[in-house]
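If you want the building blocks of each chain, they are given just below.
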Amino acid sequence: MDKRSNAILTAIAHVVLIFLSFLCLFFFYILIINSTRSHVELQKGFSFLPGGSFLTNLHNVINDPAIPILKGIVNSLIVSTFCAAITTYFSALTAYGLYAYQFRLNKVAFTFIMMILVMPTQVTALGFLRLITTMGMDDSLLPLIIPSVASPAVFYFMYSYMQSSLPLELVEAARIDGSNEFGTFNRIVLPIMKPAIAVQAIFTFVGAWNNYFVPALVITSKNKQTLPIMIAMLRGADYMTFDMGKIYMMITIAIVPIIIVYLFLSKFIVDGVTLGGVKD
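Here we summarise the structure given alongside this text. On a predicted model such as this, the values are computed, not experimentally measured, just so you know.

This paragraph deals with empty space enclosed by the protein. Tallied over the entire structure, the rule returns 1 cavity of 30 Å³ or more. Of the voids in this model, the largest cavity is the one considered here, and its volume is about 30 Å³. In terms of lining, the largest cavity is formed by Ser-76, Val-79, Ser-80, Ala-208, Asn-211, Pro-215 and Thr-226. If one sorts the elements of the lining of the largest cavity by residue count, helix 4 (residues 69-100) sits on top with 3 residues. Residue composition of the lining of the largest cavity, grouped by class: 3 nonpolar, 4 polar and no charged.

With that settled, the discussion passes to the pattern of salt bridges. Oppositely charged side chains are able to pair whenever their charged atoms sit close together. Applying the stated criterion across every chain yields a total of 3 salt bridges. Between Glu-172 and Arg-175 there is a salt bridge; the shortest N-O distance is 3.1 Å. Linking Glu-172 with Arg-175, this pair stays in helix 9 (residues 168-176), spanning 3 residues, or about one helical turn. Accessibility expressed as a relative area gives 40% for Glu-172, which makes it partly exposed. Through salt bridges that share partners, Glu-172, Arg-175 and Glu-181 make up one connected network.

The next subject is the environment of Val-40. If you trace the backbone, Val-40 turns up in helix 2 (residues 39-44). Residue classification places Val-40 among the exposed residues on the basis of a relative accessible area of 52%. Measuring from C-alpha to C-alpha, the distance between Val-40 and Gly-245 comes to 8.8 Å, with 205 residues separating the pair along the chain.

Time to look at the environment of Val-199. By secondary structure assignment, the location of Val-199 is in helix 11 (residues 194-210). Taking relative accessible area as the criterion, Val-199 reaches 18% and is therefore assigned buried. For the pair Val-199 and Thr-88, spaced 111 residues apart in sequence, the C-alpha separation works out to 9.4 Å.

Reading the values: the criteria
Residues numbered from 1 in each chain as written. Predicted model: local features only at pLDDT ≥ 70, side-chain atom pairs only at ≥ 80, totals over all residues. Heavy atoms only, no water. 1 Å grid on protein atoms, 1.4 Å probe; cavity = no way out; pocket = protein on both sides within 12 Å on 5 of 7 lines; lining within 4 Å. Points joined across faces, edges and corners; volume = space filled by probe spheres on them. Helix = DSSP H or I, 4+ residues; strand = E, 2+ residues; numbered from the N terminus. Nonpolar A, V, L, I, M, F, W, Y, C, P; charged D, E, K, R; others polar. Salt bridge = Lys/Arg side-chain N within 4 Å of Asp/Glu carboxyl O. Buried < 20%, exposed > 50% of the residue type's maximum accessible area, 1.4 Å probe, protein only.

Purely geometric stuff here, so don't read any function into it on its own.
Structure (structure tokens):
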């Protein structure tokens, strides 16, 4: 009876997972299908079958003089890659400092960082815009990258992961062996943190890739715009030049790097789960 019950529960779990996977992949399928159809075909209604306008839509997107899509992809890749690298490294470094060192203002610093976590970006947008204008960094990609040094949400994730996976005995052993603090962090702590870093790198990359609010405030030059701004510009085009096929094609192009990053980093999530430290 127990084996039969387990088999039923396993079957139900597989059915639920298949259904959820279908829901996730269905919208990607619809997006790809719509990117192969022309504006006229899209106006006729939904279809499960692909159209014959994929190359036409791709050509129209790439060769649109008003929207330099290739430059937008490069800009988004630069911003997203640097944001993911800077955020994960410095957040892990900050978390390590508060986790491995017990100093007088340890709890105060932790509480202060958590208070910043609940502050919406829109609240500080005007002051941020004035600051970068005063510093001469307006209409630049730097204001989209530098603030990623401070990410309270990623810090908290790293700190929680260290509490569960990084024994302080391992740090003490490295110190006894003569390792300096940055050497200990880079050679010992970071490999143990690889699963957490991979997860947060994916989230940070996607967040920076899809970010529209801050780039729309900062960027004014067309050759420095990121993909979300270009998609919004194409979506807000005049009715006479509005082309749904181009919009679906641009969105399809925009999600390809995200999928590649996820496929590349997902193996580190799986492989890194087996990494551990010292057992008591």
